[in-house]
Amino acid sequence: MTVRWKDSRRSSPSQPMNLRERMRVDSVPTVLHDESSAGVPLELSHRDFGRYTWVRKLATGGTSHVIEVHDPVLQRNVAIKHLRAEFRGTPVENLLREEALVTSKLEHPSVIPVYDANLDDDGYYAMRLSVRPNLGEILAGLASADRALLAEWTQPRLVRAFLQTCQAVAYAHEHHVIHCDLKPANILLGGFGEVLVADWGIAVTPDRPEPRGGTPGYMPPEQSGRRQVDARIGQHVLVALVA
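Below: a short report on this structure. All residue numbers refer to position in the chain's written sequence, counted from 1. At least 70 in pLDDT is required for a residue's local features to be given in this predicted model, at least 80 for side-chain atom pairs to be given and counted, and no such filter applies to totals for whole chains, interfaces and linings, which use all residues. Side-chain numbers here rest on the full set of heavy atoms in the structure, without hydrogens or water.

Re unusual backbone geometry
The backbone of Ala 145 shows a phi angle near 60°, a positive value even though the residue is not glycine. Segments assigned H or I by DSSP are reported as helices when at least four residues long, segments assigned E as strands when at least two residues long, and all are numbered from the N terminus. For Ala 145, the location among the structural elements is in the loop between α3 (135–143) and α4 (147–152). The phi dihedral of Cys 180 is positive, around 75°, even though this residue is not glycine. Checked against the element boundaries, Cys 180 lands in the loop between α5 (155–174) and β7 (187–189).

This is how it looks when you write it as structure tokens:
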């Protein structure tokens, strides 16, 4: 579960977790906590976004929904991430804008691409749709000896996916972007070798130099202590992924 700092108080760094413990934490959907979101219902009415027509809801986070929509112009389905209605007009609105801008500037084959955005009127951005299991789900299946996954996700294939993730992280670091929430659930895998690093919403950039959250079990002490961070925290997480 991703935690976002609410005030100047901070908890002590968590003890290192083993792989099974990290997968248990990672199985919880990513949530950016905000005090104003307590008790707010998570229902999402079926609605369209500009030219995009509703297909189904994929996930709900603390401040946003991710839905599958159809693009009638390009004749394909894509994913849209949009702000929940109760956060329109609040400072949280800037988080979605920053996420869309940061992600769109990272033009790398293993960074999820942003296709379109309407951040002023409807508060959303469109990105590539990925419906296959993420790395967290695959690792959990391998740990439970799922025969189909064991046959499909061999060690060489996992190593290739890991190396592609490293390339995406290195590219981001070269462009002064540090993910800050890298974990198996945010690594999307396709059936033909695709690897997409997603969820750059709390990334550290030159304009946002302080860490604003992360996932226990994957955060180094510097990040959990809210101290200034650099590319080494990305290296820490990459080591944690294979530890």
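Section: the nonpolar core
Judged by nonpolar contacts, the single largest core of 26 residues is most densely connected at Leu 106, Val 177, Leu 182, Ile 187, Leu 189 and Trp 200. Listed by contribution, the elements that provide at least two residues to this core are α3, α5, β7, β8 (195–197) and α7 (232–242). Throughout, nonpolar core names a set of buried Ala, Val, Leu, Ile, Met, Phe, Trp, Tyr and Cys residues whose side chains join them through atoms within 4.5 Å. Whether a residue is buried, partly exposed or exposed follows from its accessible area with a 1.4 Å probe, protein chains only, as a fraction of its type maximum: under 20%, in between, or over 50%, in that order. The next biggest cluster of nonpolar side chains, apart from the first, holds 15 residues, and it includes Val 66, Ile 112, Met 127 and Leu 196.

Observations concerning α3
Think of an α-helix as 3.6 residues a turn; residues three or four steps apart then line up on the same face. Of all the positions in α3, only Leu 135, Gly 136, Ile 138, Leu 139, Gly 141 and Leu 142 are classed as buried. Its side-chain oxygen 2.9 Å from the backbone nitrogen of Gly 136, Asn 134 forms the N-cap of α3. With its phi angle positive at about 60°, Ala 145 sits one or two positions after the end of α3. Identification of polar contacts relies on pairs of N or O atoms within 3.5 Å, with a donor-acceptor requirement for protein atoms, meaning one able to donate a hydrogen and the other able to accept it, and with residues adjacent in sequence counted only if both atoms are side-chain atoms.

Looking at the sheet that holds strand β5 (residues 114–118)
When DSSP locates at least two bridges between a pair of strands, those strands are taken to pair. Spatially, β2-β3-β4-β6-β5 is the arrangement adopted by the 5 strands of the open sheet, whose pairing is antiparallel. What marks the edges here is a single partner per strand, and that holds for β2 (53–60) and β5. With strand direction ignored, the average angle separating the axes of adjacent strands in the sheet is 25°. Where β2 lies against strand β3 (residues 64–71), 6 bridges are found, and the strand directions are antiparallel. By the bridge assignment for β3, Thr 53 is matched with His 70. Contacts are assigned to residue pairs with any non-hydrogen atoms lying within 4.5 Å of each other. In this description, a line fitted to the C-alpha atoms serves as the axis of each element, helices being fitted only across the stretch in contact, and the angle between N-to-C directions of two axes falls anywhere from 0 to 180 degrees. Across the face of the sheet, helix α2 (residues 92–105) comes into contact with β4 (76–83), β5 and β6 (124–127) while running at roughly 140° to β4.

Observations regarding the pattern of salt bridges
Think of a salt bridge as a Lys or Arg side-chain nitrogen and an Asp or Glu carboxyl oxygen that are within 4 Å of each other. Tallying each qualifying case throughout the model produces 13 salt bridges. Measuring nitrogen to oxygen at the nearest pair gives 2.9 Å for the salt bridge that ties Glu 99 to Lys 81. One end of the pair, Glu 99, is in helix α2; the other, Lys 81, is in strand β4, with 18 residues separating them in the sequence. Each member of the pair, Glu 99 as well as Lys 81, carries the same accessibility label: buried. With its nearest N and O atoms 2.7 Å apart, the salt bridge here joins Glu 152 to Arg 132. One end of the pair, Glu 152, is in helix α4; the other, Arg 132, is in the loop between β6 and α3, and 20 residues separate them in sequence. Among the residues examined, Glu 152 registers a relative accessible area of 32% and is labelled partly exposed. Take Arg 132: its relative accessible area is 35%, and that puts it in the partly exposed class. Residues joined in a network through salt bridges with shared partners are Arg 51, Asp 71 and Asp 116.

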